[in-house]
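Listed here are the chains, written in short residue letters.
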2 protein chains.
Amino acid sequence: MNVPEPSTELVQRAISVRRAATYLGQSTDIQRKEALGAIADALSLCRKEIVSANQQDLKRSIENGLSESLLSRLKLNENKLDAAIEGVRKVACLPDPIGIRQLHRQLDEGLYLERLTVPLGVIGVIFEARPDALIQIASLALRSGNAAILKGGSEAKLTNEAIVKAIDHGLGNSSINSDAICLLTTRRESLSLLRLDGMVDLIIPRGSNDLVRFIQDNTRIPVLGHADGICHLYIDSAADLDKALRIAIDSKCQYPAACNAIETLLLHKDIAPSFLDKAIPFFNESGVKLLGDQVCNSLGIENKAEESDWSTEYLDLVLSVKVVSSIDQALDHISRHGSRHTDSIVTNDPKTANKFLHSVDSSGVFLNCSTRFADGFRYGFGAEVGISTQTLPPRGPVGLEGLVTYRYFLKGDGHVVSEFASGAKSFSHKDLGL
Amino acid sequence: MNVPEPSTELVQRAISVRRAATYLGQSTDIQRKEALGAIADALSLCRKEIVSANQQDLKRSIENGLSESLLSRLKLNENKLDAAIEGVRKVACLPDPIGIRQLHRQLDEGLYLERLTVPLGVIGVIFEARPDALIQIASLALRSGNAAILKGGSEAKLTNEAIVKAIDHGLGNSSINSDAICLLTTRRESLSLLRLDGMVDLIIPRGSNDLVRFIQDNTRIPVLGHADGICHLYIDSAADLDKALRIAIDSKCQYPAACNAIETLLLHKDIAPSFLDKAIPFFNESGVKLLGDQVCNSLGIENKAEESDWSTEYLDLVLSVKVVSSIDQALDHISRHGSRHTDSIVTNDPKTANKFLHSVDSSGVFLNCSTRFADGFRYGFGAEVGISTQTLPPRGPVGLEGLVTYRYFLKGDGHVVSEFASGAKSFSHKDLGL
C-alpha cells in the first residue's frame, strides 16, 4: 500500500476516539438528540469566528489559484452556515436508528436470541473543500451513536478547525464526550487513517472519483462511496414521446453535476427520428452538447460520440446518444458501460418495462421517471450519508442505516452446545414478536 | 496487487457466467427449487464416479505428503457424499430469499418506490481441500439466484471436476443455464478471479486465515469471511461457578478447531481461586493445556502465558487464562485482543451483564451460555454461508441473506425532479403496506 504507517500519536488519538465510541454506543436517544442541539447552539454562537476563518481560507485559496468551482464549494457564508446549522437540528429529529430489534427467537427453553441495531463504532471521513460537509457528517455520525475521525482539505483548514472547536464546545455542554469528534489536519495523518483497520469501521470519502478510487485501493477498511455515476435513460419504441422528452431533459439538465444525472441516452430505432426531431431543439436551448453515434449523426446530431464517450461521466451539459435496435441491445449497452447506479426506461409496454426492471442490476431501476429521483431525501430517508454503487448493502442512496450495524445478543442460563450435539436436546427456533 | 491480470479466456468465461446470472436473477422460486432437486439427483447418479475421482485425489495427495488433517478434509466417501446431497435437498426447501419487499412508499401521486431483495449476481468462491464445500456453496448460490465461479484446491482437482460435471448434468435437466456454475482449475485463474471486480460481486474464501487475509489484501471485490476468531469467556465475581465451569468446558472443548471456541478465559479475581480449584482437574481431564498469567500461575496453572498468547487463535485444546480485577479490565482486554467474533460473560448480576453486552462490540455477545452457539444453524438460519468478523452487515453467522442485496424500483408516469425543486410539488412520502 502507498500509505504511511500511522504515527504513535495518531494511534493514541484513535484509541481515545474508540473509547468515546464505546460510551456513545451506550448513550440514549435523548442524550444524542440533546448533544446535537448543543452543537447547533454552539455553532450559532461561533458564527462570526467560523465565517471569518472561512474568509481567510478563501483569501489564501484565491492566492493559491484554486479553481472557481472549488472556491464556491469552500465558501461558507452566514447563509450557508445557517442552513448547515438548521441541518443539524433536522438530523436531531430523525428517528433513532439504534436499538431496533431485527430478530427475536427462542432457541431453547431459557435461551433467547436477539438481533439489535448498534452503531458501527468509528467512522473515518475524508472530504475535499466543502466545510459544510463536516457539519453534516459529524451530526449524522453522532445521531447514530458513532464517533468520527474527520480529515478535511487543507484549503479549508481554518474553517474546519473553527467548526470543530464549536462542536467540541457544544459537546462540552452535553453528556457526550467530545473525544467522539476528532479532526486530522495533516495530509500524512489523512493517509495513515486508511491504515487504522480494526480502529475505524467505515471510511466515507466525499470528493472526486479519483479520491474515492485511491481510497478504495489503499485500505482494508470498508468504503462507502461511489466512483462513477454513468446513468442511462432508454426510450423504448412504446414510449410516450412527450413524457420521454420531459424526463430526458430533467435527467440531464436539472443538475448535471450530480452523479444521478444521465450521461447516455439510448433510443429505440423506431422512435429515434421523431424523438430527435423534437428533442434536438430543446437540448440546444438548454445548452446541452449532444454527441451521437452514426445513426444519430444522420438524424441531426452533429457531433460524433467516440467509443470512450459511452464510459464517460461528463458531470456537465454533455449527453451521448445512441440508437439501439431492441431492448436487448439497450440492456447489453447498460451492462457493458453502466456503473450500476441508476438507469431508467420510458415505455408504456408492461412486458418491456418488466424486462428492463429485472435485467438491469443497478441500485436504482426506474420506469417513466427521471433518474434525478435517486437521492436519499427524495426517497424519504431524511438524510443522505452517501450513494453507494457497490452491489452489497447498503447500496444506492444510503440514509442513517448506513452508519449502523447489528449485534447478536444470546442470553441463556448455563446452556451448552454439547447437549444439542449429543441429541439430548433439540433447538426450538421459535420466533417471538419483534 | 500481487495477482495477475485475468486472461482473455477467463474474462470470456466470466461474461458467460454473468449472462447466466442475469437470467437466474429472473427465475422463479420453483425453477430454482427444481434445479436443486435435479442437481441432487445427478449427484446421486454420479456417486461412483465422484467417489472414485476422490480416491485418485487421495492417493496422489498421500504420495505428495499432504497432512493428515487436510487428507481428512479432502476425503469424500459415500457417506459424506450422501450427507452433502441431502444438504442440497435441504437448501432447496429453505424459504426464497429473493423478491422480499423491504420498503414500499408513495413519493407522490403516481410515483411509487419499492425496495426488493435481488441476488448479488456472481459469487466467487475460493476453497481449500474440502470438496463437499463446493456442493454446499453451489446450492446456496443457486437457491439465492446467484451464479458462482468456484476455485478448489489442486489436491481435490478430480473430485471437483466430477462434482461440477454432475451439477452441469443436473442443471441440463432444469430450466437454469448450466453456465451459472463455473469451475476454475488452475492457480493462475484462481488469482485472476480476484481482479474481476465489476464481474464478480462477492468473494467467499473457505480456508485458512492466511488464505482469507491474502484475499482481503488483493482484491477490490468485497470479501465475506473472517480472518480470526479470538473469543473470550469472562467469569464475573457474581457467577454461578458450576454453570461457569460447564460453559467454559463446552466453549473450549466441544469442538476446539471451530472459530467460535474460546481462546482466552478471563476470571474475576474474587472467584479465580475457587474457580480454578474446581476447573483445573476438569481441564486436565479433557486434555486442555492451560497457560496462565502470573496470578493464575500462583493459583495452580503451571504453564506461563506469553504476551502473544492473548492474540493467538489456537484452534486446539489450549486455553490462555488471565485474572482481572474488574469488569472494566475484562472489557479492556477484549477490546485490545478480541477479534469481534463472539464473547460471553457468566454472571448473575444484571448490571454487570448489561455493561458487558453493550460494551463489547463483537458480532455475538452472550450471557450465561457457550460461545459455541455462534453458528447459522444453531441460530436457526437453516444454512450458513460463512461467519463474518467485519463490522458492517452481514456480520456474525450469515445465512442466505448474505447472498442477496436489494434494488430500488421507482415507477412513475412522466415524473420529473424539477417540479419538486421549484416547489410546484412536494413529496408525500407515504409508507404503504409491505
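Residues numbered from 1 in each chain as written. Chains lettered and ligands numbered in written order. Predicted model: local features only at pLDDT ≥ 70, side-chain atom pairs only at ≥ 80, totals over all residues. Heavy atoms only, no water.

**A closer look at the overall build of chain A**
As a reminder of what qualifies: Helical segments are the DSSP runs of H or I of at least four residues, strand segments are the runs of E of at least two, and each set is numbered from the N terminus. Categorising residues by exposure relies on relative accessible area from a 1.4 Å probe, with only protein chains included: less than 20% of the type maximum marks a residue as buried, more than 50% marks it as exposed, and the intermediate range marks it as partly exposed. Any two residues whose heavy atoms approach within 4.5 Å at even a single point are treated as in contact.
Secondary structure assignment for chain A yields 15 helices and 17 strands. For chain A, the spread of C-alpha atoms along the principal axes amounts to about 75 × 70 × 40 Å. For chain A, the proportion of its 434 residues judged to be buried stands at 59%. Excluding contacts between residues fewer than 6 apart, the proportion of contacts in chain A whose partners are at least 24 apart in sequence is 73%.

**A look at the side chain of E155(A)**
Along the chain, E155(A) turns up in the loop between strand 4 (147–151) and helix 7 (157–172). Residues in contact with E155(A), not counting those within four places in the same chain, are D57(A), R60(A), S61(A), L66(A), L74(A), E128(A) and A129(A).

**A short note on the domain arrangement of chain A**
Quick note on the threshold: The domain limits used here are those given by an automatic or database domain assignment.
Domain annotation for chain A reports domain 1 (8–217) and domain 2 (231–373). Computed over C-alpha atoms, the centres of domain 1 of chain A and domain 2 of chain A are 37 Å apart.

**Remarks on the packing of helix 5 (residues 78–93) of chain B against helix 6 (residues 131–143) of chain B**
All names here are of chain B. This is how it is decided: Axes here refer to lines fitted to C-alpha atoms; in helices the fit is confined to the stretch in contact. Angles between the N-to-C directions go from 0 to 180 degrees. Roughly parallel means an angle under 35 degrees; roughly antiparallel, over 145; roughly perpendicular, 65 to 115; everything else is oblique.
The interhelical angle for the contact between helix 5 and helix 6, taken along N-to-C directions, is 10 degrees, at an axis separation of 9 Å. Considered as vectors, helix 5 and helix 6 are oriented roughly parallel to each other. Together, K80, L81, A84, V88, V91 and A92 of helix 5 and D132, I135, S139, L140 and R143 of helix 6 make up the contact between the two elements.

**Description of the environment of S67(B)**
Residue and element names in this part refer to chain B. Within the secondary structure layout, S67 lies in the loop between helix 3 (47–63) and helix 4 (68–74). On the basis of relative accessibility, which here comes to 35%, the residue S67 falls in the partly exposed class. The spatial distance from the C-alpha of S67 to the C-alpha of I123 is 29 Å, given a sequence separation of 56 residues.

**Quick look at the sheet that holds strand 9 (residues 289–292) of chain B**
This is how it is decided: DSSP bridges decide pairing: two strands pair if at least two such bridges lie between them.
One open sheet accounts for 11 strands, arranged 17(A)-1(A)-2(A)-16(A)-13(B)-12(B)-7(B)-8(B)-11(B)-9(B)-10(B); its pairing is mixed. Edge positions in the sheet fall to strand 17 (430–431) of chain A together with strand 10 (303–304) of chain B, since each of these pairs with one other strand and no more. Direction of pairing for strand 7 (residues 231–235) of chain B relative to strand 12 (residues 342–346) of chain B: parallel, over a ladder of four bridges. For L233(B), the partnering residue across the bridge sits in strand 12 of chain B and is S344(B). Sitting on the sheet, helix 13 (residues 327–337) of chain B is in contact with strand 7, strand 8 (262–268), strand 11 (318–324) and strand 12 of chain B, with an inclination near 175 degrees to strand 7 of chain B.

**Remarks on the packing of helix 10 (residues 241–253) of chain A against helix 11 (residues 272–285) of chain A**
Residue and element names in this part refer to chain A. The criterion, for reference: A crossing counts as left-handed when the near helix is turned anticlockwise from the far one by less than a right angle, and as right-handed when that turn is clockwise. The classification used treats Ala, Val, Leu, Ile, Met, Phe, Trp, Tyr, Cys and Pro as nonpolar, Asp, Glu, Lys and Arg as charged, and all other residues, Gly among them, as polar.
Between helix 10 and helix 11, the least distance of the axes is 10 Å, while the angle of their chain directions is 40 degrees. Of the two possible hands of crossing, helix 10 and helix 11 adopt the one that is right-handed. Within the contact between the two elements, helix 10 uses L241, D242, A244, L245, A248, I249 and K252 and helix 11 uses S274, F275, K278, A279, F282 and F283. Looking at side-chain class alone, the contact of helix 10 with helix 11 contains nine nonpolar, one polar and three charged residues.

**Here's the deal with the interface of chain B and chain A**
Stated formally: Within this document, salt bridges are pairs made up of a side-chain nitrogen of Lys or Arg and a carboxyl oxygen of Asp or Glu, the two lying within 4 Å of each other. In protein, a polar contact means a hydrogen-donor-capable atom and an acceptor-capable atom, both N or O and within 3.5 Å, with residues adjacent in sequence counting only if both atoms are side-chain atoms; elsewhere, any N or O pair within 3.5 Å suffices.
Listed per partner, the contact involves 71 residues of chain B and 72 residues of chain A. At the boundary of chain B with chain A, the tally comes to 12 salt bridges. The tally of links from chain B across to chain A stands at 56 residue pairs in polar contact (both at pLDDT 80 or more). Broken down by element, the side of chain B that touches chain A gets its largest block of residues, 12 residues, from strand 16 (residues 404–415) of chain B. Where strand 16 (residues 404–415) of chain A and strand 13 (residues 364–369) of chain B come together, five bridges link them in parallel fashion.

**Focus on the confidence of the model for chain A**
Operational definition: The quantity called pLDDT is the predictor's confidence in a given residue, expressed from 0 to 100.
With 99% of its residues at a pLDDT of 70 or more, chain A has an overall mean of 94. Complex prediction metrics read pTM 0.91 and ipTM 0.92.

**Overview of the pairing of strand 7 (residues 231–235) of chain A**
Residues and elements named next belong to chain A. Here is the rule: With the strands aimed away from the viewer, a crossover counts as right-handed if its path from the first strand over the helix to the second runs clockwise.
Burial analysis of strand 7 places five of its five residues in the buried class, the great majority of the element. Residues C231, L233 and I235 point to one face of strand 7 and H232 and Y234 to the other, with burial holding for every one of them. As judged from the five bridges shared by strand 7 and strand 8 (residues 262–268), these two strands associate in the parallel manner. Paired with I235 across the two strands is L267, which belongs to strand 8. Taking the sense of rotation as the criterion, the β-α-β connection linking strand 7, helix 10 and strand 8 turns out right-handed.

**A closer look at helix 14 (residues 350–359) of chain A**
If you check which residues of helix 14 of chain A are buried, you get T352(A), A353(A), F356(A), L357(A) and S359(A). Those residues of helix 14 of chain A that are buried are in contact with strand 7, helix 13 (327–337), strand 12 (342–346) and strand 13 (364–369) of chain A together with helix 1 (8–24) and strand 16 of chain B.

**Some remarks on the side chain of T347(B)**
Residues and elements named next belong to chain B. Relative to the elements of secondary structure, T347 occurs in the loop between strand 12 and helix 14 (350–359). Classification of T347 by relative accessible area gives buried; the value is 3%. A polar contact of 2.7 Å, which involves the side chain of T347, links it to the side chain of D236. Sequence-distant contacts of T347, defined by excluding residues within four places in its chain, comprise D236, A238, A239, T352, A353, L367 and N368.

**Details of the packing of aromatic side chains**
Let me state the cut-off plainly: Pairing of aromatic side chains requires ring centres within 6.5 Å, counting the rings of Phe and Tyr and the six-membered ring of Trp. Pairs whose planes differ by under 30 degrees are stacked, by over 60 edge-to-face, and all others tilted.
Counted according to the given criterion, the structure contains 14 aromatic pairs over all chains. Relative to F420(B), the ring of F373(A) lies with its centre 5.7 Å away and its plane at 80 degrees, an arrangement referred to as edge-to-face. Of this pair, F373(A) sits in the loop between strand 13 and strand 14 (386–388) while F420(B) sits in helix 15 (residues 418–421), on two different chains. Given a relative accessible area of 0%, F373(A) falls into the buried group. F420(B) sits in the buried class, given a relative accessible area of 10%.

**A closer look at the pattern of salt bridges**
Opposite charge on two side chains makes pairing possible when the charged atoms of those side chains draw close. The full count for this structure, using the stated rule, is 60 salt bridges over all chains. The shortest N-O distance in the salt bridge between D201(A) and R340(B) comes to 2.9 Å. A residue pair is termed interchain when its members come from two chains, as with D201(A) in the loop between helix 8 (187–193) and strand 6 (202–206) and R340(B) in the loop between helix 13 and strand 12. We classify D201(A) as buried; its relative accessible area is 4%. Measuring nitrogen to oxygen at the nearest pair gives 3.0 Å for the salt bridge that ties E78(B) to R47(B). You can see E78(B) sitting in helix 5 and its partner R47(B) sitting in helix 3, a full 31 residues away along the chain. On the basis of relative accessible area, E78(B) is assigned to the partly exposed category, the value being 33%.

**Details of the relation of the copies chain B and chain A**
The cut-off we apply is this: The copies were overlaid with a least-squares fit restricted to C-alpha atoms from residues scoring a pLDDT of at least 70 in each copy.
When chain B is fitted onto chain A, the two copies agree to an RMSD of 0.0 Å after a turn of 180 degrees and an axial shift of 0.0 Å. On the angle and the small slide along the axis, the relation comes out as a two-fold axis. Proximity to the rotation axis, assessed at the C-alpha, singles out P393(B) in chain B; its C-alpha lies 3.8 Å from the axis. With an isologous cut-off of 70% or more, the 100% of interface residues of chain B that recur at the interface of chain A puts this contact in the isologous class.

**A word on the sheet that holds strand 11 (residues 318–324) of chain A**
Strands sit in the order 10(A)-9(A)-11(A)-8(A)-7(A)-12(A)-13(A)-16(B)-2(B)-1(B)-17(B) across an open sheet of 11 strands; the sheet is mixed. Only two strands of the sheet have a single neighbouring strand rather than two, namely strand 10 (303–304) of chain A together with strand 17 (430–431) of chain B. With respect to the sheet, helix 11 of chain A is in contact with strand 7, strand 8, strand 9 (289–292) and strand 11 of chain A, its orientation differing from that of strand 8 of chain A by roughly 150 degrees.

**Here's the deal with the pairing of strand 4 of chain A**
Residue and element names in this part refer to chain A. Counting buried residues in strand 4 gives five out of five residues, a clear majority hidden from the surface. Going residue by residue along strand 4, you find A147, I149 and K151 tucked away on one face and A148 and L150 tucked away on the opposite face as well. The sheet contact formed by strand 3 (residues 122–127) and strand 4 spans five bridges and is parallel. Within the sheet, the bridge partner assigned to G124 lies in strand 4 and is I149. Once the chain exits strand 3 it traverses helix 6 (residues 131–143) before rejoining the sheet at strand 4, and the crossover so formed is right-handed. Judged from the four bridges that link them, strand 4 and strand 5 (residues 181–184) form a sheet pairing that is parallel. If you follow K151 over to strand 5, its bridge partner there is L184.

**Comments concerning the environment of L317(A)**
Residues and elements named next belong to chain A. Here L317 is to be found in the loop between strand 10 and strand 11. Distance from L317 to G380, taken between C-alpha atoms, is 28 Å for residues 63 residues apart in sequence. Apart from the residues within four sequence positions on either side, L317 is in contact with K252, C253, P256, S286, G287, V288 and K289.

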